[in-house]
Amino acid sequence: MDATMNNTDKFVVSGSENAYVYIWDMVEGKLVEKLDHDGSKTVHSLTFHPEASQLVTAAGGSMYIWETTKMA
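Residues numbered from 1 in each chain as written. Predicted model: local features only at pLDDT ≥ 70, side-chain atom pairs only at ≥ 80, totals over all residues. Heavy atoms only, no water.

Q: Requested: an account of the sheet that holds strand β6 (residues 54-59), with residues and values cited.
A: Read from one edge to the other, the open sheet built from three strands follows the order β5-β6-β7, with strand pairing classed as antiparallel. Among the strands making up the open sheet, the edge pair consists of β5 (43-48) and β7 (62-67). Sheet twist, expressed as the mean angle between neighbouring strand axes with direction ignored, is 20°. Taken together, the six bridges between β6 and β7 define a ladder with antiparallel strand orientation. Across the sheet, the residue bridging to L55 is W66, located in β7. (Pairing = 2+ DSSP bridges. Helix = DSSP H or I, 4+ residues; strand = E, 2+ residues; numbered from the N terminus. Axes fitted to C-alpha atoms, helices over the stretch in contact; angles between N-to-C directions.)

This is how it looks when you write it as structure tokens:
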């Protein structure tokens, strides 16, 4: 499973075996948000856009695009 930093290097984004993407604040070490993939698919791959607050994830042969202002 992948983990990556967001475009501002303030957050760590991680896939999981339980169909969620976890977003952690680097400074506070706290969970900021969970993104639900609606199912029991492992979120195995993810990448963050280098400039925008956009995340692409992959789970069970499907790709998902997420956009957020919380991680700007």
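So that's the structure; there's more coming.
Q: Report on the sheet that holds strand β2 (residues 11-14), specifying residues and quantitative values.
A: Taken in spatial order, the four strands of this open sheet run β1-β2-β3-β4, and their pairing is antiparallel. Either end of the sheet is taken by a strand with one partner, and the two such strands are β1 (3-5) and β4 (31-36). Here the average twist between neighbouring strands, direction ignored, is 20°. The pairing of β1 with β2 spans three bridges and is classified as antiparallel. What sits directly across from T4, in β2, is V13.

Q: So what about unusual backbone geometry? Which residues, and what values?
A: Keep in mind that most residues, glycine aside, have a negative phi and that most peptide bonds are trans. Of note, D9 is a non-glycine position whose phi angle comes to about 60°, a positive value. Along the chain, D9 falls in the loop between β1 and β2. Given the relative accessible area of 53%, D9 is considered exposed. For A19, which is not glycine, the phi torsion reads 75° and is therefore positive. Structurally, the position occupied by A19 is in the loop between β2 and β3 (20-25). (Buried < 20%, exposed > 50% of the residue type's maximum accessible area, 1.4 Å probe, protein only.)

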